[in-house]
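Close look at the chain arrangement
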Amino acid sequence: MILPRYHVAPSSIPGAGKGLFLDESVAPGRLITAPDDIREVYKWSEVEALPNAHAMFAATVRWFEDRYTVTPDWPDECYINHSFAPSGLWHLGFVFALRELPAGSEITVDYRHLLAPGQQEDFRDALSGEVIVGYTWAESLSTSTAQLQNLLATDAFSRHSEGGCG
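Read on for a plain summary of the structure. What you are looking at is a predicted structure, and each value in this text was computed from that prediction instead of being measured. (Residues numbered from 1 in each chain as written. Predicted model: local features only at pLDDT ≥ 70, side-chain atom pairs only at ≥ 80, totals over all residues. Heavy atoms only, no water.)

**So, the nonpolar core**
By size, the foremost hydrophobic cluster in this structure holds 19 residues, and its most contacted members are I32, W90, V95, L101, I107 and V109. Counting residues per element, the ones that place at least two in this core are strand 2 (18-22), strand 4 (60-64) and strand 8 (94-97). Setting aside chain neighbours within four positions, we find V95 in contact with R30, L31, I32, T33, I80, G88, L89, W90, I107 and V109. With nine residues, the next largest nonpolar core counts W44, V47, Y68 and A116 among its residues. (Core = buried A, V, L, I, M, F, W, Y, C linked by side-chain atoms within 4.5 Å. Buried < 20%, exposed > 50% of the residue type's maximum accessible area, 1.4 Å probe, protein only. Helix = DSSP H or I, 4+ residues; strand = E, 2+ residues; numbered from the N terminus. Contact = heavy atoms within 4.5 Å.)

The structure is reproduced here in structure tokens:
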């Protein structure tokens, strides 16, 4: 589920294809996406055992520990592209705005959180040229938890979160 108004358009990232862009501004710490249609999760060994496993890797996302979803129907959330300097923080399937994001911003996350431990993405980071390799579960959880804790402790989050959701 994508919470703010958005559209899918050609990505601003070279070679990335399409991207997900905001049609409204989003304050730091606000949710951009939340899981809403998770029907089945697989262990990584089960993903690797699929008859078309390699073709499905681009549609595979780690949610927690050794549990992944495989989504070949490609919902709009799949147009969130990779960046080592992302606009969004992936944390347990939720994407939070890492900073004030004006309308027109492309949503990106660090794919190292979504990949299996040691799994190398089929492409390199467009800006740095670095290889994208999946974090271990401990690295992913500790990194994203620390980033979320720092984000939620900011004055910008406090200013925008008073009065509840919305």
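**Details of the sheet that holds strand 8**
Taken together, the three strands give an open sheet; going across it, the order is 3-8-7, and neighbouring strands pair in antiparallel fashion. The sheet is open, and its two borders are formed by strand 3 (31-33) and strand 7 (88-91), each paired with just one other strand. Taking each pair of neighbouring strands and ignoring which way they run, the sheet shows an average axis angle of 35°. Inspection of the sheet shows strand 7 paired to strand 8 by four bridges, in the antiparallel sense. Of the residues in strand 8, the one forming a bridge with G88 is A97. Along the sheet, helix 3 (residues 137-152) makes contact with strand 7 and strand 8, crossing strand 7 at roughly 130°. (Pairing = 2+ DSSP bridges. Axes fitted to C-alpha atoms, helices over the stretch in contact; angles between N-to-C directions.)

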